[in-house]
Amino acid sequence: MLVPFSSLAQNPSLLLLRAATRAACFAMSTSQAAVTVSVEYAKSGRSTCKGCSAAIASGALRLGASARDPRGFDNTKWYHVACFPASSHPLGPVEGITGFDAIKGGNAAVGPLDEPSPKKVKRVAEKTSVSVEYAKSGRSTCKGCSENIPKGALRLGASARDPRGFDNTKWYHVACFPASSYPVSCVENLKGIDSIKTEDHEKLQELEEKQKGDGNVADQLNEPNQNKEMVDNMGGSKKDGEKSLEEAKGTTLPAHWKVFDTVIFCEKEDDLHASAKIAAFDFDGCLVKTSVRRIGADEWSLMHKSIPVKLQELYNDGYKLVIFTNESNIERWKNKRQVAVDSKVGRLDQFIERAKVPIQVFIACGLGKGKGTPDDQYRKPNPGMWWLMAQHFNSGVKIDMDQ
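Residues numbered from 1 in each chain as written. Predicted model: local features only at pLDDT ≥ 70, side-chain atom pairs only at ≥ 80, totals over all residues. Heavy atoms only, no water.

Draft legend 1. Structural detail: the environment of His201. Relative to the elements of secondary structure, His201 occurs in helix α3 (residues 198–222). On the basis of relative accessibility, which here comes to 19%, the residue His201 falls in the buried class. Remark: the alpha-carbon pair of His201 and Val187, spanning 14 residues in sequence, is separated by 8.0 Å. For His201, the residues in contact, after removing those within four places along its chain, are Glu188, Ile193 and Ile196. Within the local environment of His201, its side chain forms a polar contact with the backbone oxygen of Ile196, the two atoms lying 3.2 Å apart. (Helix = DSSP H or I, 4+ residues; strand = E, 2+ residues; numbered from the N terminus. Buried < 20%, exposed > 50% of the residue type's maximum accessible area, 1.4 Å probe, protein only. Contact = heavy atoms within 4.5 Å. Polar contact = N/O pair within 3.5 Å; in protein donor to acceptor, adjacent residues only side chain to side chain.)

This is the structure in structure tokens:
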């Protein structure tokens, strides 16, 4: 069963830790002996999950993978429990993880399939309060985009109790607020909402609605009997052989291309099979030569003439071929978005036809981190597209990272 990504990130628990352990038992290997895995509650809200790139809230359960750096110190990568790459860093028996004895319920005699009672599962949201206000000065910095928050600008704050005895507040632009880490269930209950102008309530409502929308997608993906249907229909309903990319943007896609969040993907290629072995490539500058100054489905050429043959050899060896590529022009070109879509999708379709081999494709259309703009989780080098493929578009086949 697919577990909703957002709900897992918000609700770390001993149950998830045990589930990750059971999955890891199938991936034990001697190559991971140099990595030490530990578990603890985050001491602050400054760490970032290496899996999803979202903040790990203060007090949230987190897993760390520590390895000795050649420069002479231990380097630890922190993860939400749900994001931990158990296939790369096998956990072994959960009771043997460093720090397990300090975890609440860690010493209880709980069977591997037992579920903790709701009273034992504490949410991050219960330890963090969210407030809204107009910036009192221009000295605060958004923790999402690292840009200044001007005086008088609407801002959201996530406050948690610091172990040293005071409240620590992180301020964000509304557009940068990490709702996946600090859920906003109802804006009318936000601290300080009474002092906010009526017209600004709409901006906050958009944040609430976006969070609800993300949750609905995750809930639907979580239904095992509906999963295939959801995947087939993510791009919207057919209309004259095309599918809507986003109705408000008036952009259309060929019928064999679909949409998930800010990603366009083509995964129903004939003879495309799930595999534990993945051969993944970038597109522009890797498989083909393109130019930012030239637009059009025909404006590309092979980087090397041998590429189609090499791809066919990989496919025959049992690899699933995947292309992960960024195309921010699809979001950036407000008045020429259809042109950007036709150009990128057309090039990929022509390349696959030239290669004569089935290839799964994911296009990240979001923008990178900028002033007032949060970093899109699917845009490379963020791992969002890989996570999407591995979790939802490989037919449940576990990927062998050593391959």
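Draft legend 2. Representation of unusual backbone geometry within the structure. Residue Pro381 follows Lys380 across a cis peptide bond; omega there is 10 degrees. Relative to the helices and strands, Pro381 resides in the loop between β16 (360–364) and α8 (384–392). A positive phi angle, near 55 degrees, is found at Asp261, a position not held by glycine. Mapped onto the secondary structure, Asp261 falls in the loop between β10 (258–260) and β11 (263–266). For Ser395, which is not glycine, the phi dihedral falls at a positive 55 degrees. Structurally, Ser395 can be placed in the segment after α8.

Draft legend 3. Representation of helix α7 (residues 337–355). With 19 residues, α7 extends 27 Å from end C-alpha to end C-alpha; this agrees with the ideal 27 Å at 1.5 Å per step. A positive backbone phi angle near 55 degrees is found at Lys356, which sits one or two residues after α7. (Expected span 1.5 Å × (residues − 1).)

Draft legend 4. Local environment of the packing of aromatic side chains. Per the stated rule, a full pass over the model turns up 9 aromatic pairs. Taking the centre distance of 6.0 Å and the plane angle of 55 degrees together, the rings of Phe362 and Phe393 count as tilted. Of this pair, Phe362 sits in strand β16 while Phe393 is found in the segment after α8, placing the two residues 31 residues apart along the sequence. We classify Phe362 as buried; its relative accessible area is 0%. For Phe393, a relative accessible area of 4% gives the class buried. (Phe/Tyr/Trp six-rings, centres within 6.5 Å; stacked < 30°, edge-to-face > 60°.)

Draft legend 5. Focus on the side chain of Ser137. Topologically, Ser137 is positioned in the loop between β4 (128–134) and β5 (154–161). Leave out the neighbours within four places in its chain, and Ser137 touches Ile149, Pro150 and Lys151.

Draft legend 6. Just the pattern of salt bridges, in detail. Inspection of every chain in the model, using the stated rule, returns 8 salt bridges. Here Glu40 makes a salt bridge to Arg62, at a shortest N to O gap of 2.4 Å. Highlighted residues: Glu40 in strand β1 (residues 36–41) and Arg62 in strand β2 (residues 61–68), separated in sequence by 22 residues. This pair shows no difference in class: Glu40 is buried, exactly as Arg62 is. Taking the shortest distance from any N to any O, the salt bridge between Lys344 and Asp284 comes out at 2.5 Å. Here Lys344 is found in helix α7, whereas its partner Asp284 is found in the loop between β12 (278–281) and β13 (288–289), with 60 residues between them in sequence. On the basis of relative accessible area, Asp284 is assigned to the partly exposed category, the value being 25%. (Salt bridge = Lys/Arg side-chain N within 4 Å of Asp/Glu carboxyl O.)

Draft legend 7. Inspection of the nonpolar core at higher detail. Residues Trp257, Leu311, Ile323, Phe351, Ile359, Val361 and Ile363 are the most contacted members of the largest nonpolar core, which totals 29 residues. Looking at this core, the elements with two or more residues in it are β11, α5 (307–316), β15 (320–326), α7 and β16. Counting 23 residues, the second-largest nonpolar core is a separate cluster that includes Val132, Cys142, Ala153 and Leu204. (Core = buried A, V, L, I, M, F, W, Y, C linked by side-chain atoms within 4.5 Å.)

Draft legend 8. Local environment of the pairing of β11. Along β11, one buried face is formed by Val263 and Phe265 and the opposite face, lined by Ile264 and Cys266, is buried too. In the sheet, β10 pairs with β11 via 3 bridges, with the strands oriented antiparallel. Residue pairing across strands places Val259 opposite Ile264, the latter belonging to β11. Turn length for the β10-β11 hairpin, with the two strands adjacent in sequence and antiparallel, is 2 residues, and the turn residue Asp261 shows positive phi of about 55 degrees. Inspection of the sheet shows β11 paired to β16 by 4 bridges, in the antiparallel sense. Paired with Ile264 across the bridge in β16 is Ile363. (Pairing = 2+ DSSP bridges.)

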